[in-house]
Amino acid sequence: MTIQRVTFARPSIAVAMVALSTYCAFAQRAPVPTRVRGTIESVTGDTMQVKSRTGEDVKLHIATDVNVSGITKISLADIKPGSFIGATTVPGPDGGQNAVEVHVFPESMRGTGEGSRPWDLKPNSSMTNATVAESVVGNDGHTLLVKYKDGEKKVFVADNTPVVTFVPSDKSELKPGAKVIAFIKQLPDGSFEANRISVGRDGLTPPM
């Protein structure tokens, strides 16, 4: 009787192992990307081919109502108390937050994505969209106190940190050689659609 029970149990163990393997495969599957950074290689109709910064060829469908913004350089001095900004930051050696880039939103975009969240530009990076409450000028940059609805942060912006802003644009700027960051979603058929695209002006690579 004991031998029969062991023999009968083997298929059940095998099924359980297969189920566990399937679960692990799903758990380890790479997350669906929400942003593509790279250089446009071609645009044909509503399809855009992008060479990503990691060297991958990515085909994107351009949404009919796509929002295209230009990205252009401005000065660190253009960031003032009251400016609504986005700052990509990484932890500094002193426990503070060091800016990797800062983008100043035009007044029409005030409040966009307000708050702080993990970001995928660099390891351990965060994106904080907030209003500048205070700006202190130092010898090698500015220290900004930024406030958002759930909190506040102090962000150090070095003199050589890229600072940019958004300007009106349209699909005519989506052409080979342009540097872009495309915000995408996956369609039911597995393809990707870009519904918001920021394109660098004059060869600029969008730093965010």
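Everything here concerns the structure above.
Everything numeric in this text was worked out from a predicted model, so none of it was measured.

Caption draft 1: Region of the structure containing the overall build of the protein. Looking only at helices and strands, the protein features one helix and 12 strands. Starting at the N terminus and ending at the C terminus, the protein contains elements arranged as α-β-β-β-β-β-β-β-β-β-β-β-β. Counting only residues that meet the buried cut, the protein has 38% of its 208 residues in that class. For the protein, the proportion of contacts with a sequence separation of at least 24, taken over those separated by at least 6, is 58%. Within the structure as shown, the protein displays about 12100 Å² of accessible surface, and the carbon and sulfur contribution to it stands at 55%.

Caption draft 2: Structural detail: the pairing of strand 2 (residues 47–52). Of the two faces of strand 2, the one holding Met48, Val50 and Ser52 is buried and the one holding Thr47, Gln49 and Lys51 is not buried anywhere. Pairing of strand 1 (residues 35–44) with strand 2 involves six bridges; the strand directions are antiparallel. The residue bridging Ile40 from the neighbouring strand is Val50, located in strand 2. Connecting strand 1 to the antiparallel partner strand 2 that follows it, the hairpin turn spans two residues, and Gly45 within it adopts a positive phi of roughly 60°. Between strand 2 and the antiparallel strand that follows it, strand 3 (residues 57–73), lie four residues; Gly55 among them carries a positive phi value of about 95°.

Caption draft 3: Just the pattern of salt bridges, in detail. Under the definition given, this model contains seven salt bridges. The shortest N-O distance in the salt bridge between Glu193 and Lys185 comes to 3.8 Å. Accessibility expressed as a relative area gives 41% for Lys185, which makes it partly exposed. Within the structure, one salt-bridge network assembled from shared partners comprises Arg35, Arg37 and Asp120.

Caption draft 4: Main features of the packing of aromatic side chains. Per the counting criterion, the structure on display carries two aromatic pairs. Judged by centre distance (5.4 Å) and plane angle (20°), the ring pair of Phe105 and Phe166 falls under stacked. Of this pair, Phe105 sits in the loop between strand 5 (97–104) and strand 6 (115–118) while Phe166 sits in strand 10 (residues 163–168), and the two are 61 residues apart along the sequence. Put simply, the rings of Phe84, Phe105 and Phe166 touch in pairs and so form one group of aromatic residues. It is Arg35 that lies over the ring of Trp119; its NZ or CZ is 3.9 Å from the centre. Of note, Arg196 hangs over the ring of Phe183, and the distance from its end group to the ring centre comes to 3.8 Å.

Caption draft 5: Seen up close, the environment of Gln49. With respect to the helices and strands, the residue Gln49 is situated in strand 2. Remark: the alpha-carbon pair of Gln49 and His61, spanning 12 residues in sequence, is separated by 8.9 Å. Leave out the neighbours within four places in its chain, and Gln49 touches Thr39, Ile40, Glu41, Ser42, Asp57, Val58 and Lys59.

Caption draft 6: View of the pairing of strand 11 (residues 179–186). Both strand 1 and strand 11 contribute to a ladder of five bridges, which runs antiparallel. Within strand 11, the residue paired with Thr39 across the bridge is Lys179. With seven bridges joining them, strand 11 and strand 12 (residues 192–200) adopt antiparallel strand pairing. What sits directly across from Ala182, in strand 12, is Ile197. In sequence, strand 11 turns back onto strand 12 through a hairpin of five residues, with Gly190 there showing a positive phi of about 95°.

What counts and what doesn't
- Residues numbered from 1 in each chain as written.
- Predicted model: local features only at pLDDT ≥ 70, side-chain atom pairs only at ≥ 80, totals over all residues.
- Heavy atoms only, no water.
- Helix = DSSP H or I, 4+ residues; strand = E, 2+ residues; numbered from the N terminus.
- Buried < 20%, exposed > 50% of the residue type's maximum accessible area, 1.4 Å probe, protein only.
- Contact = heavy atoms within 4.5 Å.
- Areas by Shrake-Rupley, 256 points an atom, 1.4 Å probe, with all protein chains shown as cover.
- Pairing = 2+ DSSP bridges.
- Salt bridge = Lys/Arg side-chain N within 4 Å of Asp/Glu carboxyl O.
- Phe/Tyr/Trp six-rings, centres within 6.5 Å; stacked < 30°, edge-to-face > 60°.
- Lys NZ or Arg CZ within 6 Å of the ring centre and 35° of its normal.

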